[in-house]
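Secondary and tertiary structure notes
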Amino acid sequence: MTEEERLNIIAATIAEIRPAVRRDGGDIEFAGIDGHRVLVRLTGQCLSCALAGQTLGGIRRRLMEVLDQPVMVVPAPAAV
């Protein structure tokens, strides 16, 4: 799999999950990758939600299914 294919799969997978997150008052967007780390930006209710870690874990599991490789899903650093 090329890096471009990998990026497209990650972006598409997060786009699939995004409506469910938005229904709960939050939002998530793909911010980039750093090796095996997938960076996402959480906004809205996700910022104060106690279950945000579980959301990231669910995204991680789904990405591992579609990519067939280990990844970590972590919040992107805040923009300066």
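Since we're looking at a predicted model, the values are computed, not measured. (Residues numbered from 1 in each chain as written. Predicted model: local features only at pLDDT ≥ 70, side-chain atom pairs only at ≥ 80, totals over all residues. Heavy atoms only, no water.)

1. Topic: the overall build of the chain
- Helices and strands together make up the secondary structure of the chain, namely 2 helices and 3 strands.
- Along the chain, from the amino end to the carboxyl end, the secondary structure elements read α-β-β-α-β.
- By the compact-globule yardstick of 12 Å for 80 residues, the chain fits well, its C-alpha radius of gyration being 12 Å.
- Along the three orthogonal principal directions, the C-alpha set of the chain runs to about 35 × 30 × 15 Å.
- When burial is assessed residue by residue, the chain has 30% of its 80 residues classed as buried.
- By sequence separation, contacts in the chain at least 24 residues apart represent 48% of the contacts at least 6 residues apart.
- Working note: accessible area of the chain is about 5100 Å², and carbon and sulfur atoms make up 53% of it. (Helix = DSSP H or I, 4+ residues; strand = E, 2+ residues; numbered from the N terminus. Rg over C-alpha atoms; globule rule 2.2 N^0.38 Å. Buried < 20%, exposed > 50% of the residue type's maximum accessible area, 1.4 Å probe, protein only. Contact = heavy atoms within 4.5 Å. Areas by Shrake-Rupley, 256 points an atom, 1.4 Å probe, with all protein chains shown as cover.)

2. Section: the pairing of strand β2 (residues 37-44)
- Alignment of strand β1 (residues 26-34) against β2, held across 8 bridges, turns out to be antiparallel. Its bridge partner lying in β2, isoleucine 28 is registered against leucine 42.
- Bridge count for β2 against strand β3 (residues 72-75) is 4 bridges, and the pairing is parallel. Looking at the pairing, leucine 39 lines up with valine 74 of β3. (Pairing = 2+ DSSP bridges.)

3. Considerations on the sheet that holds β1
- One open sheet holds the 3 strands; their spatial order is β1-β2-β3, and the pairing between them is mixed. Of all strands in the sheet, those bounded by a partner on one side alone are β1 and β3. Averaged over all neighbouring strand pairs, the angle between strand axes comes to 30 degrees, with direction disregarded.
- Contacts from helix α1 (residues 3-23) reach β1 and β2 within the one sheet, and its direction differs from that of β1 by about 165 degrees. (Axes fitted to C-alpha atoms, helices over the stretch in contact; angles between N-to-C directions.)

4. Notes on α1
- For α1, with 21 residues, the first-to-last C-alpha span of 31 Å sits near the 30 Å given by 1.5 Å per residue.
- Its maximal kink placed at isoleucine 17, α1 deviates by approximately 35 degrees, while the proline proline 19 follows within four residues.
- Taken residue by residue, α1 has Arg6, Ile10, Thr13, Ile14 and Val21 as its buried positions.
- Directly after α1, the chain includes glycine 25, whose backbone phi takes a positive value near 90 degrees. (Expected span 1.5 Å × (residues − 1). Bend = angle between axes of the 7 residues up to and from the residue.)

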